[in-house]
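Structure assessment
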Amino acid sequence: MKWEGERESENVEDRRSSGGGGLPGLGIGGRGIGIGTIAIALVGGWIFGINPLTILGMLSGGGAPTEQVSRAPSNAPPANDAQSRFVRTVVASTEDVWTAVFQRDQATYRAPKLVMFRGATRTACGTGQSAMGPFYCPGDQQVYIDLDFFDTLKQRLGAPGDFAQAYVIAHEIGHHVQNVLGTSEKVEAARRGGSPAQGNAMSVRLELQADCFAGLWGHHSQQAKQWLEQGDIEEALNAASKIGDDTLQRRSQGTVVPESFTHGSSAQRVQWFKRGFESGRVADCNTFDAPPR
């Protein structure tokens, strides 16, 4: 992915050198990329599907992380390191793409802020922790990510590559787009009125739409910049496959329980990212009217 030299977003805040959040509470009422198998009840009625480091701890024989994290980061990276510049560049591209998409529908896109942190950080949804993986908080309309997650994605989940990382960022921005469009609010209302199984099914459709939106971003960013290289698309598809609910459940517990899915199967996540990438149209990302697979 030839990202060097492209515009960098000003809507990125670097908190990696701060001392962490240290707020009490259960965690984040946000939407995440979905890496794990343990559902956590969150503020505001949301379910942050799965905890990446919980499952990774199980895979390596360790226990679950503690709820409260309050530690100062050590060896904080420089403010303008290559990894932060990459994040700023991808965020800038999502701003360009979604601004243009909204303008075509005579609407205005309000870009979110992305916060890079280490360990723990304060959010409008509670205390954000690295163990939660990347997530979007609708309360402050911000995306949060501990960049160490990219090491987890590469080394433990087997999904290396810069476009795999870009997919993760674009997925979280996709949740912001859903918030702006009012989709998230409608889904949450439907979840409150249904059974747990129905709530999980709605969550899956919301997450798959965010995958499709990530593909849509990839489509338009490639048209504008021609910055993808050989193997980049495969990196994103591999990442989508590695974080499917069925793949993660099979790795953690040896069995798959479809009714407990909150983010979709590997095949579904790949399918909807590809659909967004091939089409580039919001209308083709309507996972809610699509028949279940």
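A quick note: this is a predicted structure, and the numbers were derived from the prediction, not measured. (Residues numbered from 1 in each chain as written. Predicted model: local features only at pLDDT ≥ 70, side-chain atom pairs only at ≥ 80, totals over all residues. Heavy atoms only, no water.)

What follows is about the overall build of the chain. A count of helical and extended segments in the chain gives nine helices and seven strands. Split into buried and exposed, the 293 residues of the chain put 53% on the buried side. Considering only intrachain contacts with a sequence separation of at least 6, the fraction spanning at least 24 residues in the chain is 73%. Accessible area for the chain stands at about 12,200 Å²; split by element, carbon and sulfur atoms hold 49% of it. (Helix = DSSP H or I, 4+ residues; strand = E, 2+ residues; numbered from the N terminus. Buried < 20%, exposed > 50% of the residue type's maximum accessible area, 1.4 Å probe, protein only. Contact = heavy atoms within 4.5 Å. Areas by Shrake-Rupley, 256 points an atom, 1.4 Å probe, with all protein chains shown as cover.)

Contact pair helix H2 (residues 82–104) / helix H6 (residues 196–225): the axes reach a minimum separation of 9 Å and the direction vectors enclose 95 degrees. In terms of orientation, H2 and H6 fall into the roughly perpendicular class. On H6, the residues that touch Val90, Ser93, Thr94, Asp96, Val97, Trp98, Val101 and Arg104 of H2 are Phe213, Leu216, Trp217, His220, Ser221 and Lys225. (Axes fitted to C-alpha atoms, helices over the stretch in contact; angles between N-to-C directions. Parallel < 35°, antiparallel > 145°, perpendicular 65-115°, else oblique.)

Before going further, it helps to spend a moment on the pattern of salt bridges. On inspection of all chains with the given rule, the structure shows 11 salt bridges. Linking Glu13 and Arg15 is a salt bridge whose minimum nitrogen-to-oxygen distance equals 3.0 Å. The residue Asp211 makes a salt bridge to Arg269 at a minimum N-O spacing of 2.8 Å. Taken as a pair, Asp211 in helix H6 and Arg269 in helix H9 (residues 266–279) lie far apart in primary sequence, 58 residues in all. One exposure class covers both Asp211 and Arg269, and it is buried. (Salt bridge = Lys/Arg side-chain N within 4 Å of Asp/Glu carboxyl O.)

In this structure the tally under the stated criterion is two disulfides. The disulfide bridge from Cys125 ends at Cys137, spanning 2.0 Å between sulfur atoms. Measuring the twist about the S-S bond at about 90 degrees, one finds the Cys125-Cys137 disulfide to be right-handed. Placement of the pair is Cys125 in the loop between strand S4 (120–123) and strand S5 (126–129) and Cys137 in strand S6 (residues 135–137), with a sequence separation of 12 residues. By sequence-ordered numbering of the bonded cysteines, the chain has its disulfides arranged as 1-2, 3-4. (Disulfide = S-S within 2.5 Å.)

Taking 1.5 Å as the rise per residue, H9 with 14 residues should run 20 Å; its terminal C-alpha atoms sit 20 Å apart, in good agreement. Within H9, the full set of buried residues consists of Ser266, Gln268, Arg269, Val270, Trp272, Phe273, Gly276 and Phe277. Buried-residue contacts for H9 involve helix H4 (162–181), H6, helix H7 (232–242) and helix H8 (245–253). A positive backbone phi angle near 75 degrees is found at Gly280, which sits one or two residues after H9. (Expected span 1.5 Å × (residues − 1).)

A few words on H8. Every buried residue of H8 is accounted for by Asp245, Asp246, Thr247, Leu248 and Gln249. Backbone geometry just after H8 places Gly254 at a positive phi near 80 degrees.

Moving on, we come to the packing of aromatic side chains. Considering all chains together, one arrives at 10 aromatic pairs under this definition. Geometrically, the ring pair formed by Trp98 and Phe213 is edge-to-face, given 5.2 Å between the ring centres and 75 degrees between the ring planes. Linking Trp98 in helix H2 with Phe213 in helix H6, this pair joins segments that are 115 residues apart in sequence. In this structure Trp98 comes out as buried when scored by relative accessible area, which is 2%. One aromatic cluster is present, built from ring pairs that chain together Trp98, Phe102, Tyr109 and Phe213. (Phe/Tyr/Trp six-rings, centres within 6.5 Å; stacked < 30°, edge-to-face > 60°.)

Quick look at the pairing of strand S3 (residues 113–117) now. Across the five residues that make up S3, a large majority, four, are buried. In this sheet, strand S7 (residues 142–146) lies alongside S3 in parallel orientation, the contact comprising five bridges. Across the sheet, Leu114 pairs through a bridge with Val143, a residue of S7. (Pairing = 2+ DSSP bridges.)

Glancing now at the confidence of the model for the chain. Summary statistics for the chain give a mean pLDDT of 82 and a share of 78% for residues scoring 70 or more. Across residues 21–28 the pLDDT falls below 50, and counting only partners more than four positions away or on other chains, this stretch makes 32 contacts in the model. (pLDDT = per-residue confidence, 0-100.)

With that settled, the discussion passes to the environment of Gln178. Here Gln178 lies in helix H4. You can call Gln178 buried: its relative accessible area is 0%. Apart from the residues lying within four places of it in its own chain, the contact partners of Gln178 are Thr183, Ser184, Leu206, Gln209, Ala210 and Phe213.

Backbone geometry at Gln141 places phi at a positive 55 degrees, although glycine is not the residue there. Counting through the fold element by element, Gln141 comes out in the loop between S6 and S7. Residue Gln226 is not a glycine yet carries a positive backbone phi of 50 degrees. Of the residues examined, Gln226 reaches a relative accessible area of 49% and is grouped as partly exposed.

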